[in-house]
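Observations on chain architecture
As a plain string of letters, each chain reads:
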2 protein chains.
Amino acid sequence: MSDDSPAAVHRVGSRKPAATIYDVAEVVGVSPSTVSRALNKPGRINAKTEERIRNAAEALGYRLNPMARALLTGKTAMVALLVSDITNPVFYDIVRGAENVATDAGYTLVFAESHRRSDIEFATVERLQPSVDGVLVVASLLDEEQIAQLSETKPIVIALRRVDGIPHVVPNSETGLVQALDHLQELGHRSIGYLSGPTTFWANRNRWNILLEHAVAKGMSIVEIPPDDPVPNGGATRLRRILASGVTAIVAYNDLMAIGLISECKQEGVDVPGRLSIVGFDDVYGANLISPSLTTIDSSLGKVGAAAMSCLLAQVDGTTAYEPPELPTRLIVRESTTSLPS
Amino acid sequence: MSDDSPAAVHRVGSRKPAATIYDVAEVVGVSPSTVSRALNKPGRINAKTEERIRNAAEALGYRLNPMARALLTGKTAMVALLVSDITNPVFYDIVRGAENVATDAGYTLVFAESHRRSDIEFATVERLQPSVDGVLVVASLLDEEQIAQLSETKPIVIALRRVDGIPHVVPNSETGLVQALDHLQELGHRSIGYLSGPTTFWANRNRWNILLEHAVAKGMSIVEIPPDDPVPNGGATRLRRILASGVTAIVAYNDLMAIGLISECKQEGVDVPGRLSIVGFDDVYGANLISPSLTTIDSSLGKVGAAAMSCLLAQVDGTTAYEPPELPTRLIVRESTTSLPS
DNA sequence: CCGGCGCTGTCAACCGATTGCCTCGCCGCC
DNA sequence: GGCGGCGAGGCAATCGGTTGACAGCGCCGG
């Protein structure tokens, strides 16, 4: 039976108009304002009346119209979450963490994607702002001025990027990267390559700076392998350059690039980790599936999303200033790194 | 000035109140209704006046307040997308496809997760309905009655599940599954196991029914390996049962279960595909990363999401009845299947 | 010379909920 | 007995934008 055929037919047009406080008021025989108070100022109204109103509201299937409330109060109980690319697994846990916090706090999450274009990002935030109480942007591509400008309209929080004067939540990349360098040093590696990400990304520059500083301090040599392709797994095309550089281990900007590099190595017959040890960043879904499984740095993205959303809601509610927790990263050793045969 | 102090500080409270049509009207010297008409009924107003109004609106940074419009017109220009589990990669492409269509049509996407609980799913749809023009639910967990009930309030579309009387978009699993059976038969397999998913899932029963019908027709023997664990990768614990059953190939409910099974095989030293050929379903991210890479069935989830959203928007706009495209699935042969040594 | 028409723009009601202010009735206390 | 106080509920304005009804005006034809 081929029952997969899509059903286009449907009884349309028969939708109920949705009950309002006026309907409830009429049923109970009170004024709409009394209904409003009964429903959200417990105690303001006589207990018995309140009870009758609640029952009537229940019976009518009354739901508050968020638009109407928003119009008057200016609070929409919605927050926007903007990522540059939905299909990038780096964002999954962030989205989930943020969604949980928002939902628990009674906020509805509006979700949007900027398709990796800063102009779309700007326009999208602008478009969304009237509908939401605040915006959480993950790894924003905008200038600091643009962010500051958007911040004048509604609260905005940035995740995975440090922006002066704007609340942001960023895991501490240093702890994990230092652990990675220690790990590689213990394995006998002296010459490291950093497989760089998009040069405009704050996180990319940040990671490189940390690596540079600590590698030098540890007496290791390090070199940045610049990207020649802006797509995330553009790492694959750079294998030749890496081999030519003489490094024995690579720290990649992120797991996607590391995974791309491993694939390339497989194709070219380069042994990983025998010839080249590889460390990723983020521990995304898939990092432990690939063979060899990827040694990488866990940046607890779920917590980043949750913390960023908490930070945003704290601003929206205007209550206490939210103090972001320390979010250390840590190395997860798997199969893609091994000791250098000395 | 020169407030370069660290992140926590931020000039709060200094947010602009956002321009309204009243502000624009005052600047131009016309009435608010004229501004409204100028902005969204081109031609209704004198061209020069309209021009002046547009300029003033631009200068003031005027943005329409969607809440205000929604209150009167009943159209919010938002649609909700509900999935059961954000971290399930099956949904990524669906979300992306749906987001693109919604954004292109000028709709804002509200995103929510039901945490795999049908009660949360129901409550979430109910909560979201007043704010949106329609709801797209992916792989709904609800009864048909519940879905019908929700459908009375606002348009609803279901993806990845067939529901009588409710518009739905489902890829045709039959084409891909038949190809998989053909593929396995060519490789010499005569005895197949279906590694079943959650028994309550429509898609699970659907796939099993299709497999049963066609395997029998092809003269192959087939057996359903029931789940003993509701989590997606619960497949890992079932290896013993599979081996005991004597089948030489497994078709899994989805890639997650197939990947779990492969991991288990690795741990237990069972050769894949030498001892057991494995076919997944969905071709999610990661299916080609694992080793051996997974033979699976591509169900073009991006198109499913796009089609489902188009279907929803067609209902919302009340324009033409949307005719969902045929969405065939097809087999992708990789390394996890091989011929049976006869 | 007058009626009527088309073009522009204004008026005012309305969507649903919230909230400051007011009223009414009742109680208790001096 | 008079008055203050308080509990309970109503009135009406308000948020921002939309829209049907209508008014002023210039112009045309009869």
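Residues numbered from 1 in each chain as written. Chains lettered and ligands numbered in written order. Predicted model: local features only at pLDDT ≥ 70, side-chain atom pairs only at ≥ 80, totals over all residues. Heavy atoms only, no water.

**Let's talk about the environment of Gln179(A)**
All names here are of chain A. The line we're drawing: In this text, helices come from DSSP runs of H or I with a minimum length of four residues, and strands from runs of E with a minimum of two, each type numbered from the N-terminal end. Whether two residues touch is decided by their heavy atoms; if any such pair falls within 4.5 Å, the residues are in contact.
Inspection of the secondary structure puts Gln 179 in helix H8 (residues 173-186). Residues Gln 179 and Leu 331, 152 residues apart in the sequence, show an inter-C-alpha distance of 6.0 Å. Residues within four places of Gln 179 in sequence aside, it is in contact with Thr 329, Arg 330 and Leu 331.

**Thoughts on the relation of the copies chain A and chain B**
Cut-off, in case you're wondering: Only residues with pLDDT of at least 70 in both copies contribute their C-alpha atoms to the least-squares superposition of the copies.
Rotating chain A by 180 degrees and translating it 0.0 Å along the rotation axis places it on chain B, where the RMSD comes to 0.1 Å. Both copies of the chain, as the preceding transformation shows, are related through a two-fold rotation axis.

**Thoughts on the packing of helix H2 (residues 32-40) of chain B against helix H3 (residues 47-60) of chain B**
All names here are of chain B. Using the following cut-off: The angle between two axes is taken between their N-to-C directions and runs from 0 to 180 degrees, where each axis is a line fitted to C-alpha atoms and a helix contributes only its stretch in contact. Here the word oblique covers every angle except those under 35 degrees (roughly parallel), over 145 (roughly antiparallel) and from 65 to 115 (roughly perpendicular). When residues are sorted by character, Ala, Val, Leu, Ile, Met, Phe, Trp, Tyr, Cys and Pro go into the nonpolar class, Asp, Glu, Lys and Arg into the charged class, and all the rest, Gly among them, into the polar class.
Relative to each other, H2 and H3 sit at 95 degrees, their axes nearing to 9 Å. Our classification of the angle between H2 and H3 gives roughly perpendicular. In contact with Thr 34, Val 35, Ala 38 and Leu 39 of H2, H3 contributes Glu 50, Ile 53 and Arg 54. Residue composition of the contact of H2 with H3, grouped by class: four nonpolar, one polar and two charged.

**What to know about the interface of chain A and chain B**
Worth spelling out the cut-off: The term buried area refers to how much accessible surface (probe radius 1.4 Å) is lost by two components on association, counted for both of them together. Think of a salt bridge as a Lys or Arg side-chain nitrogen and an Asp or Glu carboxyl oxygen that are within 4 Å of each other.
Contact with chain A, which involves 63 residues of that partner, is made by 69 residues of chain B. Across the chain A to chain B interface the summed buried area is about 5,800 Å²; carbon plus sulfur atoms make up 55%. Here chain A is connected to chain B by six salt bridges. Glu126(A) is paired through a salt bridge with Arg63(B); the nearest N and O atoms lie 2.9 Å apart.

**Details of the protein's contact with DNA strand C**
As a reminder of what qualifies: Think of it this way: one heavy atom of a residue within 4 Å of a molecule or strand is enough to make that residue near it. Each polar contact in these results corresponds to two N or O atoms within 3.5 Å; when the atoms are within protein, one needs to be able to donate a hydrogen and the other to accept it, and residues that are neighboring in sequence are counted only if both atoms are side-chain atoms.
Taken together, 26 residues are adjacent to DNA strand C, and Ile21(A), Arg69(A), Thr34(B), Arg44(B) and Thr49(B) come closest. Within 4 Å of the protein, the atoms of DNA strand C are drawn from sugar and phosphate moieties in a proportion of 51%. Residue Arg37(A) places a side-chain N or O atom 3.0 Å away from a base oxygen belonging to DNA strand C. Listed by contribution, the elements that provide at least two residues to the surface near DNA strand C are helix H1 (21-28), helix H2 (32-40) and helix H4 (66-73) of chain A together with H2 and helix H4 (66-73) of chain B. When residues of the surface near DNA strand C are assigned to their parent elements, the largest contribution, four residues, is made by H2(A). Class assignment for the residues of the surface near DNA strand C results in ten nonpolar, ten polar and six charged.

**Re the domain arrangement of chain A**
To keep it simple, the criterion reads: Boundary definitions for the domains trace back to an automatic or database domain assignment.
As assigned here, chain A comprises domain 1 (21-65), domain 2 (75-170 + 302-327) and domain 3 (173-300). In this structure, domain 1 of chain A and domain 2 of chain A have C-alpha centres spaced 36 Å apart.

**Focus: the packing of aromatic side chains**
To be explicit about the condition: Each pair of aromatic rings taken from Phe, Tyr and Trp, with Trp reduced to its six-membered ring, is defined by centres within 6.5 Å and is described as stacked if the planes are under 30 degrees apart, edge-to-face if over 60, and tilted in the remaining cases.
Throughout the structure, instances matching the rule amount to seven aromatic pairs over all chains. Between the aromatic rings of Tyr92(A) and Tyr92(B), the centroid separation amounts to 3.3 Å while the plane-to-plane angle is 25 degrees, which identifies the pairing as stacked. Note that Tyr92(A) is positioned in helix H5 (residues 90-104) and Tyr92(B) in helix H5 (residues 90-104), a pairing that runs across two chains. The interplanar angle of 65 degrees and the centroid separation of 6.4 Å between the aromatic rings of Phe201(B) and Tyr253(B) together place this pair among those described as edge-to-face.

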